[in-house]
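Structural features, examined
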Amino acid sequence: MHLTTTKPKRHRAVFHTLTISTVEQLTDEAIAISFTVPPSLKDEYSFEPGQHLTLRATVAGEDIRRSYSICVSRRRALATGELRVATAVVPEGLMSTWLHENAEPGEQLQVMTPIGGFTCPTDPSSARHHVAIAGGSGITPVLSLLTTALEEEPESRVTLVFANRRTDTIMFLEELMDLKNRFPDRFTLFNVLSREAQDVELLSGRLDRERLEQFFEAFIPVDDVDEWYLCGPLGLVETAQEALADHGVDGHHVHHEIFHVEGAAPVAPPPPPDAKPLALVTVTLDGRTTKVPVKSQAESILAATLRERPDAPFSCTNGVCGTCRARVVEGEVRMDRNYALEPEEVEAGIVLTCQSHPVTDEVVLDYDA
Ligand SMILES: Cc1cc2nc3c(=O)[nH]c(=O)nc-3n(C[C@H](O)[C@H](O)[C@H](O)COP(=O)(O)OP(=O)(O)OC[C@H]3O[C@@H](n4cnc5c(N)ncnc54)[C@H](O)[C@@H]3O)c2cc1C
Ligand code: FES
């Protein structure tokens with residue numbers, strides 16, 4: 001693993017079997033799971049803070065994949081040779097419930113190499129103000145991003161506005177308090193609780209637009225911030241994005257990650273095997289090029305690709321995680337929905353293949369770009 005980098009690395013997204021080293025109970029509803037990374041895989045699992053791992057397991061006879069953000073600083077991952085994720089139980093959630101019931105030290109799991117664009121390269125010579133607005137389990141990538149910024153940028157300041165229901169539901173509370181002790185002059189933490197009264201009125205209640213504006217007014221002048229990180233429920237992220245846009249903040253400095261969007265994107269039934277191709281997509285994946293016929297308007301490029309290349313990476317198939325991303329080299333595609341890519345990635349021709357359909361008769365896609 002490397003300590004500092006100048007831009008997010010693109011790994012070949014592949015699964016390896018990793019062994020769980022520890023499981024920590026964070027709250028009644030959340031656990032942290034650490035994996036040992038063997039020395040032979042250290043380079044493959046080097047990561048940019050903010051990136052996530054896709055875990056794969058057979059649950060109730062179904063092969064499922066879900067993304068979990070790395071929640072450890074780069075320095076700590078380097079020192080321990082371990083990666084850590086955390087999961088909060090989602091009622092009736094397949095993977096989160098399965099992990100809570102089955103994850104234990106010594107167990108092995110299929111873990112994809114890190115991916116994701118919710119990152120901001122560190123620069124040890126800069127003196128920046130990084131501000132994160134996080135809700136609930138949205139703390140996971142933010143913990144890695146902010147701790148790494150404090151550890152790798154000695155002149156930078158960090159502020160976290162963290163929304164939860166009650167004190168006993170706050171993930172990583174102890175670690176955040178430790179961070180305050182380690183960096184008393186450079187780290188400021190505001191815990192906002194929606195269902196527990198606190199002495200300070202600003203910290204009691206929902207973190208809505210009005211409360212955000214009060215934070216900007218009293219403690220976080222928007223012009224004083226260099227990089228913003230938003231992660232949590234869709235409503236919170238969208239409210240913060242709108243507020244920052246209204247204050248004229250350049251979207252290139254507003255990084256966001258969403259874990260879940262209500263309502264699944266439509267899934268097309270597989271086309272009949274003898275259906276005629278409507279378009280031809282040429283896919284380069286892991287250095288190998290494959291011709292993929294797309295046989296219906298409704299099926300996604302990912303679904304068509306998986307028939308020819310079962311090794312194509314994916315996780316949510318819902319436009320949220322970004323695991324299926326590829327670059328359009330030639331031709332044009334349309335996306336149904338996109339909650340994963342930053343505007344500059346879309347400008348650079350990156351698409352989510354699980355949400356993409358060919359517009360032109362021929363499309364050339366590069367997963368390795
Ligand atoms: C990039 C990325 C990073 C993520 N990082 C983390 C992380 O660090 N920690 C973490 O706990 N989760 C994280 N998630 C969410 C995680 O991938 C799963 O979606 C979550 O654990 C639920 O999966 P499940 O199989 O238990 O639920 P499912 O069986 O998929 O869903 C069960 C029901 O719950 C709803 N649902 C699914 N997910 C959520 C949710 N997050 N909130 C509310 N309702 C939901 C579904 O619509 C469905 O009705 C991340 C997601 C993404 C895309
Ligand atoms: S697989 Fe998650 S965005 Fe496509």
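See above for the structure.
The residue numbers shown here count from 1 along each chain, following its written sequence. Written order decides the labels, with chains lettered from A and ligands numbered from 1. Under the rules for a predicted model, residues below a pLDDT of 70 receive no local features and side-chain atom pairs below 80 are neither given nor counted, while totals for whole chains, interfaces and linings still include all residues. As a rule here, side-chain values cover all heavy atoms of the structure and leave hydrogens and water aside.

1. A closer look at the overall build of the chain
Helix numbers and strand numbers start at the N terminus; a helix is a DSSP run of H or I with at least 4 residues, a strand a run of E with at least 2. Broken down by element type, the chain carries 8 helices and 18 strands. Based on C-alpha atoms, the radius of gyration is set beside the globule rule, defined as 2.2 Å times the residue count to the power 0.38. In terms of overall dimensions, the chain is globule-like: its C-alpha atoms have a radius of gyration of 21 Å, near the 21 Å expected for 369 residues. The principal-axis extent of the C-alpha atoms belonging to the chain is close to 70 × 50 × 40 Å. Exposure classes here rest on a 1.4 Å probe applied to the protein chains alone. A residue is buried below 20% of its type maximum, exposed above 50%, and partly exposed in between. Residues counted as buried form 53% of the 369 residues belonging to the chain.

2. A word on the sheet that holds strand β8 (residues 157-164)
Within the open sheet, the 5 strands sit side by side as β9-β8-β7-β10-β11. Their pairing is parallel. The sheet is open, and its two borders are formed by β9 (187-193) and β11 (254-258), each paired with just one other strand. In this sheet, neighbouring strand axes are inclined to one another by 10° on average, regardless of whether the strands run parallel or antiparallel. As paired strands, β8 and β9 are joined by 7 bridges and run parallel to one another. Along β9, the bridge assignment pairs Asn164 with Leu193. Sheet strands touched by helix α4 (residues 173-182): β8 and β9. Its angle to β9, the strand with the most contacts, is close to 150°. When DSSP finds at least two bridges between two strands, those strands are taken to pair. For helices, the axis comes from a line fit to the C-alpha atoms of the stretch in contact; other axes are also lines fit to C-alpha atoms, and the angle between any two N-to-C directions lies between 0 and 180 degrees. It only takes one pair of heavy atoms within 4.5 Å for two residues to be counted as in contact.

3. Considerations on the site of ligand 1
Near ligand 1 there are 21 residues, and of these Arg66, Ser67, Tyr68, Met95 and Ser96 occur at the shortest range. Side-chain atoms alone can form a polar contact between residues adjacent in sequence; in general such a contact is a pair of N or O atoms within 3.5 Å, and within protein one must be able to donate a hydrogen while the other accepts it. Ser67 is positioned such that a nitrogen or oxygen atom in its backbone is 2.7 Å from an oxygen atom of ligand 1. In the model, an oxygen atom of ligand 1 is placed 2.9 Å from a nitrogen or oxygen of the Leu94 main chain. Considered on its own, ligand 1 offers 910 Å² of accessible surface; in the complex 77% of this is hidden by protein. Residue assignment for the shell around ligand 1 shows that the elements contributing at least two residues are β4 (62-69), β5 (82-88), α2 (94-102) and β11. Considering every element that reaches the shell around ligand 1, the biggest residue donor is β4, with 4 residues. For this classification, the nonpolar set comprises Ala, Val, Leu, Ile, Met, Phe, Trp, Tyr, Cys and Pro, the charged set comprises Asp, Glu, Lys and Arg, and every other residue, Gly included, is treated as polar. A breakdown of the residues in the shell around ligand 1 according to their chemical character gives 10 nonpolar, 8 polar and 3 charged. Counting the residues that make up the shell around ligand 1, at least three belong to each of domain 1 (15-112) and domain 2 (129-258). Proximity criterion: a residue is near a molecule or strand once any of its heavy atoms comes within 4 Å of it. With residues, only the protein chains shown are counted as cover, and all accessible areas are computed by Shrake-Rupley using a 1.4 Å probe. Those domain boundaries reflect an automatic or database domain assignment.

4. Focus on the packing of aromatic side chains
Aromatic pairing here means that ring centres of Phe, Tyr or Trp (its six-membered ring) are within 6.5 Å. Orientation follows from the plane angle: under 30 degrees is stacked, over 60 is edge-to-face, and everything else is tilted. The full count for this structure, using the stated rule, is 5 aromatic pairs. Relative to Tyr229, the ring of Phe118 lies with its centre 6.4 Å away and its plane at 75°, an arrangement referred to as edge-to-face. Remark: Tyr229 occurs in strand β10 (residues 227-232) and Phe118 occurs in the loop between β6 (108-112) and β7 (129-135); sequence separation between them is 111 residues. The exposure classification of Phe118 matches that of Tyr229, with both residues buried. Look at Phe190 and Phe215: their rings are 5.1 Å apart centre to centre, the planes differ by 65°, and that puts the pair in the edge-to-face class. In this pair, Phe190 is assigned in strand β9 and Phe215 in helix α5 (residues 209-218), connecting sequence segments 25 residues apart. For the pair formed by Phe190 and Phe215, the shared burial category is buried. One aromatic cluster is present, built from ring pairs that chain together Phe190, Phe215 and Phe219. Lysine and arginine charges are scored as sitting over a ring when NZ or CZ, respectively, is within 6 Å of the ring centre and within 35 degrees of the ring normal. Over the ring of Phe15 we find Arg56; its NZ or CZ atom is 5.2 Å from the centre of that ring. Geometry around Phe314 places Arg65 over its ring, the cationic atom sitting 3.9 Å from the centre.

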